[in-house]
Amino acid sequence: MASFSCSSNVSVALLISVCVSASIIASAGNFYQDFDITWGDGRARILNNGELLTLSLDKASGSGFQSKNEYLFGKIEMQLKLVPGNSAGTVTAYYLRSEGSAWDEIDLEFLGNLSGDPYILHTNVFSLGKGDREQQFYLWFDPTADFHTYSILWNPQRIIFSVDGTPIREFENLESMGVPFPKNQPMRIQSSLWNADDWATRGGLVKTDWSQAPFTASYRNFIADACIRSSGVSSVCNSNSPAANNNNAWLSEELDSTAQERLKWVQRNYMIYNYCSDTKRFPQGLPPECAANNSS
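Naming follows an unreviewed UniProt entry, where the protein appears as Xyloglucan endotransglucosylase/hydrolase of Herrania umbratica. Taken directly from UniProt, the Function (unreviewed entry) text for the protein runs: "Catalyzes xyloglucan endohydrolysis (XEH) and/or endotransglycosylation (XET). Cleaves and religates xyloglucan polymers, an essential constituent of the primary cell wall, and thereby participates in cell wall construction of growing tissues." Per UniProt, the protein has the following entry under Sequence similarities (unreviewed entry): "Belongs to the glycosyl hydrolase 16 family."

## Considerations on the overall build of the protein
Regarding its fold elements, the protein presents 4 helices and 17 strands. A burial count over the protein gives 54% of its 296 residues as buried. Element-wise, carbon and sulfur atoms account for 47% of the exposed surface of the protein, whose accessible area totals about 13,100 Å².

## With respect to unusual backbone geometry
The omega torsion of the bond from Ala213 to Pro214 falls at 0°, within 30 degrees of zero and hence cis. The topology assignment puts Pro214 in the loop between strand E14 (188-195) and strand E15 (215-230). If you check the backbone angles, Asp164 has positive phi at about 50° while not being a glycine. Of note, Asp164 is situated in the loop between strand E12 (158-163) and strand E13 (166-172).

## Notes on the state of the cysteines
Where two cysteines share a covalent bond between their sulfur atoms, that bond is called a disulfide. In the structure shown here, the tally under the stated rule is 1 disulfide. Bridging Cys276 to Cys290, the disulfide has an S-S length of 2.0 Å. Measuring handedness by torsion sign, the sulfur bridge of Cys276 and Cys290 sits at about -80° and is left-handed. You can see Cys276 sitting in the loop between strand E17 (271-274) and helix H4 (288-292) and its partner Cys290 sitting in helix H4, a full 14 residues away along the chain. The class of Cys290 is buried, set by a relative accessible area of 5%.

## Overview of the nonpolar core
By size, the foremost hydrophobic cluster in this structure holds 62 residues, and its most contacted members are Met78, Tyr150, Trp154, Ile159 and Tyr219. It is E15 that provides the largest number of residues to this core, a total of 8 residues. Aside from chain neighbours lying at most four places away, what touches Tyr150 is Ile76, Glu77, Met78, Leu80, Tyr94, Leu108, Phe110, Leu139, Phe141, Pro143, Ser162 and Val163. Listed in part, the 5 residues of the second largest apolar core include Val91, Ile120, Ala196 and Ala200.

## A closer look at the UniProt feature "active site" (unreviewed entry) in the protein
Mapped onto this numbering, the UniProt entry gives "active site" (unreviewed entry) at Glu105 and Glu109. Structurally, Glu105 can be placed in strand E8 (residues 105-111). Relative accessible area serves as the criterion here: at 6%, Glu105 is assigned to the buried category. Excluding its chain neighbours within four sequence positions, the residues that come into contact with Glu105 are Tyr95, Leu96, Arg97, Asn124, Val125, Phe126 and Met187. In this structure the side chain of Glu105 is engaged in a polar contact, spanning 2.9 Å, whose partner is the side chain of Trp103.

## Digging into the UniProt feature "glycosylation site" (unreviewed entry) in the protein
Residues given the UniProt feature "glycosylation site" (unreviewed entry) here are Asn113. Residue position: Asn113 is located in the loop between E8 and strand E9 (120-126). Since its relative accessible area comes to 12%, Asn113 is described here as buried. Residues contacting Asn113, with those up to four places away along its chain left out, are Gly85, Asn86, Ser87, Ala88, Pro118 and Thr201.

Conventions adopted
- All residue numbers refer to position in the chain's written sequence, counted from 1.
- It should be noted that, the model being predicted, local features are given only for residues of pLDDT at least 70 and side-chain atom pairs only at 80 or more, the latter also being counted only at that level, while totals for whole chains, interfaces and linings use all residues.
- The side-chain values count all of the structure's non-hydrogen atoms but skip hydrogen atoms and water molecules.
- UniProt positions are given in the numbering used here, feature names are shortened, and annotations may be inferred rather than shown by experiment.
- Only DSSP runs of H or I covering at least 4 residues are called helices, and only runs of E covering at least 2 are called strands; the numbering of each starts at the N terminus.
- The classification of residues rests on relative accessible area computed with a 1.4 Å probe and restricted to protein chains. Under 20% of the type maximum is buried, over 50% is exposed, and intermediate values are partly exposed.
- Shrake-Rupley sampling with a 1.4 Å probe provides the accessible areas, and residues are treated as covered by the protein chains on show and by no other component.
- The disulfide criterion used throughout: a pair of cysteine sulfur atoms within 2.5 Å.
- Buried residues of nine kinds, namely Ala, Val, Leu, Ile, Met, Phe, Trp, Tyr and Cys, make up a nonpolar core once their side-chain atoms join them within 4.5 Å.
- By the convention used here, residues are in contact when the closest approach between their heavy atoms is within 4.5 Å.
- Whenever two N or O atoms come within 3.5 Å, that pair is a polar contact, provided that in protein one can donate a hydrogen and the other can accept it, and provided that, for residues adjacent in sequence, both atoms are side-chain atoms.

Right under this line is the structure:
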């Protein structure tokens, strides 16, 4: 079985030597090739010769899928079009997650709402089974009217969540301060559409209107520049990005000054919850990363 080991001070040069370059496919991913439908009894469908995937939810069940590959660091992109209309009570989750009881996870969840009210984009980072690092945002567009690109950059130094190329959150590697950071466990891409009306909309006050079912979310244009777990070797850096000739630049990618300003713009105008501001939740003091990275 393949294994991974990356020290907290792993250098990009060392990681590149571990993630040996592989053949580069200059095309977007194909859902037949890259993903397995994992549950839903026919409610998840791959269409258009593998270019489109849809998940649906009705009163009996939701549905979900996961990647065939496991990744250890990468830049993952997917275009989503969320459940339109009255989506209250529904959650569309799109995330990276490892196996086991001490799992790592990088989480995007889209919390549905009543018609005309905005979706909430819920983000979280888990290390060794512990999360409690939630930040929530409104979006500056209608995510149900068209497809939009949601990306996760995960390298040894940081995790960056972006929407249509605009960064909304950065979680830095602060292991030097004792803050766990996902770096040793390979993760699969997973997604699901499910009923969570006990908490998803206004804390569970607004329930799912099943007369609107089935609810449907759509996915397309999956792209992964990533180190892929391969049997017998530590990992292989691969890419199915059209702009793949970047020498795995994501391994050391960081936010430049322009991106930092865009991040601040989003957090100033669209962030609606930040665990680093929730002093009532942490009466013994905020987590150490909050002061270190200025609540990012």
